[in-house]
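# Structural overview for review
The lines below spell out each chain.
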Amino acid sequence: LAARRYGIQTREIVLLPIGGVARLERMPEKPAQEVVVALAGPGVNVMIATALAAALLAMGVTPEQAVERADKGMLEFLLFANLAMLIFNLIPAFPMDGGRVLRAVLAMTMPYTRATRIAAQVGQGFALLFAVAGVFVLRSPVMVFIALFVFMAAGEERALVQTRASLSGLPVSDAMV
């Protein structure tokens, strides 16, 4: 809905255990628009967590109790999962939502390609931290997979933005050569 507000169609939304991935036909051109689109996903987590917390409060369960008992009930688990996804997705690991916000904020003060390069480097740095945590701390193959995905996606998006910038203004015949 946030992307549609700026005339950008959503090709699909893929729901994964680690959250949802919206495939947009393109990214917003204005940094402020990218902030809105990037924060839409975490905003959904906030709304779901708020509704779950309200339902649990109506049943006499505080949010703190719900998080402590996340392994005992479905509503408690869903509240915990939405809070965890909210926090995780706001980490400035480009191309995750927090990383997209980082790029947009950087792009407000510098060229888009440079902002993308910096955000991608930060994202790849976080990916390395995720991998180390996945191997040595959490012993989680899922975290290592997430690290690989973030690392590769950041590099791919950086390359795409750089290629698009270097080809902008060129006739197709020059680009083909």
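Look up: the structure comes first, before these words.
Computed from a predicted model, the values in this text were never measured in an experiment.

What counts as what
- Residues numbered from 1 in each chain as written.
- Predicted model: local features only at pLDDT ≥ 70, side-chain atom pairs only at ≥ 80, totals over all residues.
- Heavy atoms only, no water.
- Helix = DSSP H or I, 4+ residues; strand = E, 2+ residues; numbered from the N terminus.
- Buried < 20%, exposed > 50% of the residue type's maximum accessible area, 1.4 Å probe, protein only.
- Axes fitted to C-alpha atoms, helices over the stretch in contact; angles between N-to-C directions.
- Parallel < 35°, antiparallel > 145°, perpendicular 65-115°, else oblique.
- Left-handed = near helix turned anticlockwise from the far one by under 90°.
- Contact = heavy atoms within 4.5 Å.
- Nonpolar A, V, L, I, M, F, W, Y, C, P; charged D, E, K, R; others polar.
- Salt bridge = Lys/Arg side-chain N within 4 Å of Asp/Glu carboxyl O.
- Phe/Tyr/Trp six-rings, centres within 6.5 Å; stacked < 30°, edge-to-face > 60°.

## Some words on the environment of Pro-141
Tracing the sequence through the fold places Pro-141 in helix 7 (residues 141-167). Assessed through its relative accessible area of 64%, Pro-141 is described here as exposed. It is 21 Å that separates the C-alpha atoms of Pro-141 and Leu-90, two residues lying 51 residues apart in sequence.

## Looking at the packing of helix 2 (residues 31-58) against helix 4 (residues 74-89)
The contact between helix 2 and helix 4 brings their axes to 9 Å, and the two run at 150 degrees. Taken as axis vectors, helix 2 and helix 4 run roughly antiparallel relative to one another. Between helix 2 and helix 4 the crossing geometry is left-handed. Within the contact between the two elements, helix 2 uses Pro-42, Asn-45, Val-46, Ile-48, Ala-49, Leu-52, Ala-53 and Leu-56 and helix 4 uses Leu-75, Glu-76, Leu-78, Leu-79, Asn-82, Leu-83, Met-85 and Leu-86. Considered class by class, the residues forming the contact of helix 2 with helix 4 number 13 nonpolar, two polar and one charged.

## Re the pattern of salt bridges
Applying the stated rule across the entire model yields eight salt bridges. Here Arg-103 and Glu-34 are joined by a salt bridge, their closest N and O atoms 2.6 Å apart. Taken together, the residues Arg-103 in helix 5 (residues 97-107) and Glu-34 in helix 2 connect sequence positions 69 residues apart. Arg-103 sits in the buried class, given a relative accessible area of 0%. Residue class for Glu-34 comes out buried when judged on its relative accessible area of 1%. Across the pair Glu-76 and Arg-69 runs a salt bridge whose closest N-O atoms are separated by 3.1 Å. Ionic contacts of the salt-bridge type, sharing partners, join the residues Glu-34, Arg-100, Arg-103 and Glu-157 into one network.

## Details of unusual backbone geometry
For the peptide bond that leads from Phe-94 to Pro-95, omega is 15 degrees, which places it in the cis range. Take Pro-95: it is sitting in the loop between helix 4 and helix 5. Backbone geometry at Arg-139 places phi at a positive 50 degrees, although glycine is not the residue there. On the secondary structure map, Arg-139 appears in the loop between helix 6 (112-137) and helix 7.

## Notes on the packing of aromatic side chains
Per the stated rule, a full pass over the model turns up two aromatic pairs. Ring centres of Phe-88 and Phe-130 lie 5.4 Å apart, and the angle between their planes is 35 degrees; on these two criteria the pair is classed as tilted. In this pair, Phe-88 is assigned in helix 4 and Phe-130 in helix 6, connecting sequence segments 42 residues apart. Residue classification places Phe-88 among the buried positions, given a relative accessible area of 19%. Residue Phe-130 is classed as buried on the basis of its relative accessible area, which comes to 8%. Both rings, one in Phe-126 and one in Phe-130, keep their centres 6.3 Å apart while their planes meet at 45 degrees; by these two values the pair is tilted. On the criterion of helical spacing, the pair formed by Phe-126 and Phe-130 is a turn pair, its members being four residues apart in helix 6. Residue Phe-126 is classed as partly exposed on the basis of its relative accessible area, which comes to 24%.

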